[in-house]
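The residues making up each chain are set out below.
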Amino acid sequence: MRELRKVEMENALECRNLRKQYPGQSSYALGDADRGVSVDVKQGELFALLGPSGCGKTTTLRIVGGFAEPDDGEVVINGEEVTSLPPYGRRTNTVFQSYALFPHMRVGANVGFGLKMGGVGKAEREARVRAVLEQVGLADFERRRVTELSGGQQQRAALARAMVNEPAILLLDEPLGALDLKLRREMQDELVRLKGRTKMTFVHVTHDQEEACAIADRIAIMDRGHIIQVDTPVALYREPRTSYVAEFINIGTVVRGRAQRSADWIEVEGENVRIEGRPPAWLNGHADVAAVLPHSRARIDPSDADEIAGSCGMVGVIDRVTFTGSVFEIVARTEEGFEVRAEMSEDDTSSWIRPGTSARIWWPNKDILFVKDSNAGTSGQQRWTTEV
Ligand code: ADP
Ligand code: MG
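Engineer: Mind showing me how you'd approach the overall build of the protein chain here?
Structural biologist: In terms of helices and strands, the protein chain carries 9 helices and 22 strands. Structurally, the protein chain occupies a C-alpha span of about 75 × 55 × 40 Å along its principal axes. Here the protein chain holds 388 residues, and 48% of them are scored as buried. Contacts spanning at least 24 positions in sequence make up 66% of the contacts within the protein chain whose residues lie at least 6 apart. Accessible surface computed for the protein chain: about 19200 Å², of which carbon and sulfur atoms make up 47%. Positive and negative side-chain charges in the protein chain, numbering 49 and 57 respectively, have mean positions lying 7 Å apart.

Engineer: How should I be thinking about the site of ligand 1 in this particular structure?
Structural biologist: Around ligand 1 lies a shell formed by Tyr22, Gln25, Ala29, Pro52, Ser53, Gly54, Cys55, Gly56, Lys57, Thr58 and Thr59. Within the contact set of ligand 1, an oxygen atom lies 3.2 Å away from a backbone nitrogen or oxygen of cysteine 55. Within the complex, 61% of the 560 Å² of free accessible area of ligand 1 lies under protein.

Engineer: Is there a simple way to explain the pattern of salt bridges in this structure?
Structural biologist: Think of it this way: side chains of opposite charge can pair up when their charged atoms draw near. Throughout the structure, instances matching the rule amount to 29 salt bridges. Here arginine 185 and glutamate 210 are joined by a salt bridge, their closest N and O atoms 3.5 Å apart. Remark: glutamate 210 occurs in helix H7 (residues 209-215) and arginine 185 occurs in helix H6 (residues 181-197); sequence separation between them is 25 residues. For arginine 333, the salt bridge goes to aspartate 319, with nearest N and O atoms at 3.7 Å. Of the two residues, arginine 333 is situated in strand E18 (residues 328-334) and aspartate 319 in strand E17 (residues 311-323); the sequence distance between them amounts to 14 residues. Arginine 333 sits in the partly exposed class, given a relative accessible area of 43%. On the basis of relative accessibility, which here comes to 34%, the residue aspartate 319 falls in the partly exposed class.

Each value, and the rule that gives it
- Residues numbered from 1 in each chain as written.
- Chains lettered and ligands numbered in written order.
- Predicted model: local features only at pLDDT ≥ 70, side-chain atom pairs only at ≥ 80, totals over all residues.
- Heavy atoms only, no water.
- Helix = DSSP H or I, 4+ residues; strand = E, 2+ residues; numbered from the N terminus.
- Buried < 20%, exposed > 50% of the residue type's maximum accessible area, 1.4 Å probe, protein only.
- Contact = heavy atoms within 4.5 Å.
- Areas by Shrake-Rupley, 256 points an atom, 1.4 Å probe, with all protein chains shown as cover.
- Lys, Arg positive; Asp, Glu negative; His and termini not counted.
- Charge placed at Lys NZ, Arg CZ, Asp CG, Glu CD.
- Near = heavy atom within 4 Å.
- Polar contact = N/O pair within 3.5 Å; in protein donor to acceptor, adjacent residues only side chain to side chain.
- Salt bridge = Lys/Arg side-chain N within 4 Å of Asp/Glu carboxyl O.

So, in structure tokens, the structure goes:
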């Protein structure tokens, strides 16, 4: 018991078995009747909660910040159970999407407001406000009116206001959502730099998978009130656990079908297509399996090219070729009815690859991913057999 406590102390935040159902709602915003949401965030981590609108991200953040009480479960911050403490009783601060600066106050007064309310003396207050404005790149803006700031500068001011009393955990609810793409990117870099300069732990909510991957040490992917997978961005791409994760972060085309396997080989046989490869060990014992054909690993050949041994592929017609700024993205519709994508560097593309041309898109068996099928049970088609 004592040792368990020691391990717990290493986490900045622990959510244990959280459940929340809003009054009058038939479904749970967080968790369900069988289980709640549990997750640990380490000290100093920039941790992202990622999922589509309505999946429970804000509810989780509000419970952690003390703005909502869970029906069930516990919130532990730095080893202290704080579930029923109000926001000002816990060492968290929240930056909401609408950052709600006081428009009639200057930047410095906005940032120092909480310190003033907390009875911090003028000299100390001013020093701390200056230090934090420096950190967010607003050193020269202390005397500016909030209404004279750009969107990005307002966002920095809101961050400074949340950081000035040095919370253990900074909670960010889609804080960059209102910014244009260029500013978003700049603020993402800024957040990562800030994290490096402070001891704070960040919990960052977003529905944008690119943003989560760009800034987070680890990402928790949420679906309908549950956390589906927690991993580093690289691990999520290399080893998604479910078809939901693979589809939400757009790793590849998901092929569902009848799965058959031997000790170290699996084939998923859908309508007119069979995808084979090596399943990860953790998938052992799972009945409902789908194959994922990663966009980043796809190869493309003319449709009459010979099939390569040790590969799976499909023939299709190229629908569009887009340059994304870093790679070419080739989208094809296959005879089997799938939309498949190949991401290629400029060197790997050639002039025959254009819309209307037929092509063979293929993957070495080793590059195919296998996941639990999140849709299983709804289709009723997936059945498990043992021999290949
Ligand atoms: P997200 O932030 O991921 O978009 P939320 O946590 O805001 O999701 O919402 C999760 C679910 O709870 C949604 O179905 C939403 O409609 C519902 N919900 C959120 N806030 C309330 C509320 N105050 N009253 C009733 N239902 C709510
Ligand atoms: Mg939200």
